Amino acid sequence: MARMTARLVLLLVAAAWQSSVASDAHCQAGNGYAPNSSTCAQCGAGTWSAEGSTECTRCVPGTWSTVAGAGSQSTCTKCSVGTWSSQEGSPTPDSCQKCPAGTWGGAEGLGSLEQCMKCSAGTWSSELGATDDSICSACPAGTWNGVTGSNNRTHCIDCS
């Protein structure tokens, strides 16, 4: 019986050791393995890590975060309406650029310039960072442009 008890104790100790080694293989929320290492380090601004992860995940394009050690994706803030950013893991709102003249951005979190909508043919706009198509002005009477995304009234040419 003593031999069986000793063996049971050894098995329990081995199981406890394996459990502690397995739990050390993951990091706390807001941390991930440092490059070329198995040591947990705080995630930098523009990234986040959930509990138990081994990597810091970059905020997706169209978002940014100034928070270091973030534990969830919710810390990634969307670029404001009328702006866009293709940068992954941006640590600052400065990566959000205004939609160019002749376009407008009607939603938060645009992840590419292509997501800025173009003013339709026959209209134009010189405004940067527009938030809706009301900024697209019709060409003057007797003129037209066949270009979408026109950024200058001079693109409107005489119909005659």
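What you see is a predicted model, and the numbers here were worked out from it, not measured in a lab.

### Observations regarding the pattern of salt bridges
Item 1. Using the criterion set out here, one finds one salt bridge in the structure.
Item 2. One salt bridge in this structure joins E88 and R58, with 3.7 Å as the shortest N-O distance. Of this pair, E88 sits in the loop between β7 (83–84) and β8 (97–98) while R58 sits in strand β4 (residues 57–58), placing them 30 residues apart in sequence.

### A look at unusual backbone geometry
Item 1. Although it is not a glycine, N36 adopts a positive phi angle of roughly 55°.
Item 2. Mapping N36 onto the fold places it in the loop between β1 (31–33) and β2 (40–42).

### Remarks on the state of the cysteines
Item 1. Here the structure, examined in full by the defined rule, presents seven disulfides.
Item 2. A disulfide bridge connects C139 with C156, and the sulfur atoms are separated by 2.1 Å. The chirality of the disulfide connecting C139 with C156 is left-handed, given an S-S dihedral of about -70°. Residue C139 is found in the loop between β12 (137–138) and β13 (143–144), and its partner C156 is found in the loop between β13 and β14 (157–158); the two are separated by 17 residues along the sequence.
Item 3. The class for C139 is buried, based on a relative accessible area of 12%.
Item 4. For C156, a relative accessible area of 11% puts it in the buried group.
Item 5. Of all cysteine sulfurs in the structure, the one in C139 sits closest to C159, which takes part in no disulfide; the separation is 8.4 Å.

### Here's the deal with the environment of G71
Item 1. Assignment of secondary structure puts G71 in the loop between β5 (63–64) and β6 (77–78).
Item 2. We classify G71 as partly exposed; its relative accessible area is 33%.
Item 3. Taking the C-alpha atoms as reference points, G71 and C43, separated by 28 residues in sequence, lie 8.8 Å from one another.
Item 4. Contact partners of G71, with chain neighbours within four places excluded, come to A29, G30, W48, S49 and A50.

### Some remarks on the environment of S137
Item 1. Relative to the helices and strands, S137 resides in strand β12.
Item 2. In this structure, the C-alpha to C-alpha distance between S137 and S120, residues 17 residues apart in sequence, is 9.7 Å.
Item 3. S137 has contacts with G122, T123 and W124, leaving out every residue within four places of it along the chain.

### Side note on the confidence of the model for the protein
Item 1. When pLDDT is averaged along the protein, the result is 87, and 84% of the positions lie at 70 or above.
Item 2. In this model, residues 4–23 is a region of pLDDT below 50 whose contacts with residues beyond four sequence positions or in other chains number zero contacts.

### Comments concerning the side chain of S49
Item 1. Mapped onto the elements of the fold, S49 is located in the loop between β3 (47–48) and β4.
Item 2. The class for S49 is buried, based on a relative accessible area of 1%.
Item 3. From its side chain, S49 meets the backbone oxygen of N31 in a polar contact 2.8 Å long.
Item 4. Here E55 takes part through its backbone oxygen, which lies 3.3 Å from a polar atom of the side chain of S49.
Item 5. Setting aside its immediate chain neighbours within four residues, S49 contacts A29, G30, N31, C43, E55, C56, A70, G71 and S72.

How each quantity is defined
- Residues numbered from 1 in each chain as written.
- Predicted model: local features only at pLDDT ≥ 70, side-chain atom pairs only at ≥ 80, totals over all residues.
- Heavy atoms only, no water.
- Salt bridge = Lys/Arg side-chain N within 4 Å of Asp/Glu carboxyl O.
- Helix = DSSP H or I, 4+ residues; strand = E, 2+ residues; numbered from the N terminus.
- Disulfide = S-S within 2.5 Å.
- Buried < 20%, exposed > 50% of the residue type's maximum accessible area, 1.4 Å probe, protein only.
- Contact = heavy atoms within 4.5 Å.
- pLDDT = per-residue confidence, 0-100.
- Polar contact = N/O pair within 3.5 Å; in protein donor to acceptor, adjacent residues only side chain to side chain.

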